[in-house]
Amino acid sequence: MAIDLAHKQPPPDPADAEHRAGPAGLPPLTELASEQRDALNFSYRTTLSMDPRLVAGDPAAWQSDFGYALNKAAVRLDTRTDEELARDALSHPDPVAREQAVFEYADRDPADVFEVLERVVRTEKDREIRWDTLWAIEKLGGPHAMSTLSRFLDDPDPEIAEWSKLFLSELRTGDPAFDSREAVFTEGRTFDETIYLLIHCDLYIRLDDTNRHWGKLSLGPRGLARVYGQAHACPNVATRERQLLMAKTIDGLYEDGTRHMDNYLFRGFTDRTRADRGNFYFESNVPRTFYHSGRAADPSRGTRQTDIGFARFGTWFLDPDIQVRGEAAIRYVRGRFQGWGYTDVENMVGKDITEMLAPGNGILSTLHDPEVGPKTNVFILGTFKGKLNDWDGDGRIDLNSRDVYSTVDGELDSDQDGVPDEPGRTCSDHRPGRV
């Protein structure tokens, strides 16, 4: 939340030439058309980083964001100093911990945040951490973010270059921009597209029953994938406007190496008043095993069968140059999500960040179950982005090459043949050796 609220004040004073100039090769803010400048000014001023009553009217519309309220009240659970975070972002041996340091540092927004994040992008060897760090830069926003992103438009890695172009375009116009690479479709797959999702969220954790003490962890994409599972959005052209499968996998959860699979079938509405995009609101409600330990696949304190709900909403953007089954493919998706979770607070005390970011160390929950509801203590609020990437390095974008262990209805399909392993089962359970 704090990352996305940073640097949203009105454009800087024109006397500040460095800020006013913006990225090299792009027009300074003062040269924008009057209607563009007015729109930019308004968008900056109507964010929650300043008192919205000054510009936005009814506070019911602007001061009722639960996440915003919690963000002001919560204490940070990551107790590292800024100096420790900057060092870990650049040199921690665990790549997930490096990225987590990036997002925690960005969330704190120190004076040298752009300098540190740019250095990460330049020196990091893991390409996913590089493009996730570019996303953190976009989240900070403002002219410095635009200038930093522009420095990677010609990066030797085509994915880094395209992510930079996409994020920069979003900051300038609100819409993404893409390169002109061709795409390849893999026949025989269950889904027309398998879009690898970047997910960033804030976990707001209720620390006691008084409702007065809250903790916060700003979880980066790789950290979230390690704990909750790496997610793919999996649309089919015929049903994408009303149905979507989100498939997750967690590695390292079982001692025998068995992959944990977790599928969510979403349904909802999509607005198609524009031919190049779809605005959507989807919900999922799926049967799950709730683990009272607060750790996925750990039944040591007992379990309960319940239904878990989740909501996601946003926009997908079509690329008419890439066709799938006679229709333009979804090139990019972005949006927000929210839900509930449970974690064992006592198990977090005294733990360092690598211990907190253990596979399955936190589970989704619900408020509506009489046994599970009272234990629910985490409000999950975040954003997601996903675009088609070239995963095999052949210079072509891969539409649906990612492994997704689900049928079109969300049932587990470990051999990806379109037939469920067991009708009706959508998630692995805790028994090692059983998929």
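Structure first, text after, so check above.
About the cut-offs
- Residues numbered from 1 in each chain as written.
- Predicted model: local features only at pLDDT ≥ 70, side-chain atom pairs only at ≥ 80, totals over all residues.
- Heavy atoms only, no water.
- Buried < 20%, exposed > 50% of the residue type's maximum accessible area, 1.4 Å probe, protein only.
- Helix = DSSP H or I, 4+ residues; strand = E, 2+ residues; numbered from the N terminus.
- Contact = heavy atoms within 4.5 Å.
- Phe/Tyr/Trp six-rings, centres within 6.5 Å; stacked < 30°, edge-to-face > 60°.
- Lys NZ or Arg CZ within 6 Å of the ring centre and 35° of its normal.
- Core = buried A, V, L, I, M, F, W, Y, C linked by side-chain atoms within 4.5 Å.
- Expected span 1.5 Å × (residues − 1).
- Polar contact = N/O pair within 3.5 Å; in protein donor to acceptor, adjacent residues only side chain to side chain.
- Salt bridge = Lys/Arg side-chain N within 4 Å of Asp/Glu carboxyl O.
- Pairing = 2+ DSSP bridges.

## Here we look at helix H8 (residues 113–123)
It helps to recall that an α-helix has 3.6 residues per turn; residues three or four apart then point in one direction.
Here is step 1: The set of residues buried in H8 consists of Val 113, Phe 114, Val 116, Leu 117, Glu 118, Val 120 and Val 121.
Here is step 2: On its buried side, H8 packs onto helix H6 (82–91), helix H7 (95–108), helix H9 (127–140) and helix H10 (142–150).

## Some details on unusual backbone geometry
Here is step 1: Backbone geometry places Asp 109, a non-glycine residue, at a positive phi of 60°.
Here is step 2: Looking at Asp 109, the relative accessible area reads 26%, which means it is partly exposed.
Here is step 3: Even without being a glycine, Asn 211 presents a positive backbone phi close to 65°.
Here is step 4: Counting through the fold element by element, Asn 211 comes out in the loop between strand S3 (195–206) and strand S4 (214–219).
Here is step 5: Using a relative accessible area of 44% as the deciding quantity, one classes Asn 211 as partly exposed.

## A short note on the packing of aromatic side chains
Here is step 1: All chains considered together, the criterion is met by 15 aromatic pairs.
Here is step 2: On the numbers, 6.3 Å between centres and 90° between planes, the contact of Phe 66 with Trp 214 is edge-to-face. Taken together, the residues span a long stretch of sequence, with Phe 66 in helix H5 (residues 66–73) and Trp 214 in strand S4 at a distance of 148 residues.
Here is step 3: The partly exposed category is assigned to Phe 66, whose relative accessible area is 38%.
Here is step 4: The class for Trp 214 is buried, based on a relative accessible area of 13%.
Here is step 5: Through a chain of ring-to-ring contacts, the aromatic side chains of Trp 131, Trp 163, Phe 167, Tyr 196 and Trp 391 assemble into a single cluster.
Here is step 6: Sitting above the plane of the Trp 316 ring, Arg 240 keeps its charged end 5.3 Å from the centroid.

## Here we look at the nonpolar core
Here is step 1: Counting 44 residues, the largest nonpolar core has Leu 197, Leu 203, Leu 219, Tyr 228 and Ile 380 as its most contacted members.
Here is step 2: Judged by nonpolar contacts, the second largest core, of 37 residues, contains Val 102, Ile 160, Phe 167 and Phe 317.

## Observations concerning the environment of Asp 88
Here is step 1: In this structure, Asp 88 sits in helix H6.
Here is step 2: Owing to a relative accessible area of 14%, Asp 88 belongs among the buried residues under this scheme.
Here is step 3: A C-alpha to C-alpha distance of 8.8 Å links Asp 88 and Gln 100, two positions twelve residues apart in sequence.
Here is step 4: Apart from residues lying up to four places away in sequence, Asp 88 is in contact with Arg 80, Arg 98 and Ala 101.

## Looking at H9
Here is step 1: With 14 residues, H9 should cover 20 Å at 1.5 Å per step; its first-to-last C-alpha distance of 20 Å lies within 8% of that length.
Here is step 2: Among the residues of H9, the N-terminal cap falls to Asp 126, whose side-chain oxygen and the backbone nitrogen of Glu 128 are separated by 2.9 Å.
Here is step 3: Phi turns positive, to about 70°, at Gly 141, one or two residues after H9.

## Quick word on the pattern of salt bridges
Here is step 1: Considering all chains together, one arrives at 41 salt bridges under this definition.
Here is step 2: Linking Glu 159 and Lys 387 is a salt bridge whose minimum nitrogen-to-oxygen distance equals 2.4 Å. Of the two residues, Glu 159 sits in helix H11 (residues 158–173) while Lys 387 sits in strand S12 (residues 378–387), which places them 228 residues apart along the sequence. Comparing Glu 159 with Lys 387 shows no difference in burial state: the two are buried.
Here is step 3: Residue Lys 385 is joined to Glu 170 by a salt bridge in which the shortest nitrogen-to-oxygen separation is 2.5 Å. Taken together, the residues span a long stretch of sequence, with Lys 385 in strand S12 and Glu 170 in helix H11 at a distance of 215 residues.
Here is step 4: Each member of the salt-bridge network shares a partner with another, and the members are Glu 159, Glu 162, Asp 179, Arg 181, Asp 319, Arg 331 and Lys 387.

## Notes on the pairing of strand S10 (residues 327–342)
Here is step 1: The pairing of strand S9 (residues 303–324) with S10 spans eleven bridges and is classified as antiparallel. The partner of Phe 317 across the bridge, within S10, is Tyr 332.
Here is step 2: Connecting S9 to the next strand, S10, in antiparallel fashion are two residues, including Arg 325 with a positive phi near 50°.
Here is step 3: Inspection of the sheet shows S10 paired to S12 by ten bridges, in the antiparallel sense. The residue bridging Trp 340 from the neighbouring strand is Phe 379, located in S12.
Here is step 4: Bridge analysis of S10 against strand S11 (residues 363–365) gives three bridges, and the strand direction is antiparallel. Looking at the pairing, Tyr 342 lines up with Ile 363 of S11.

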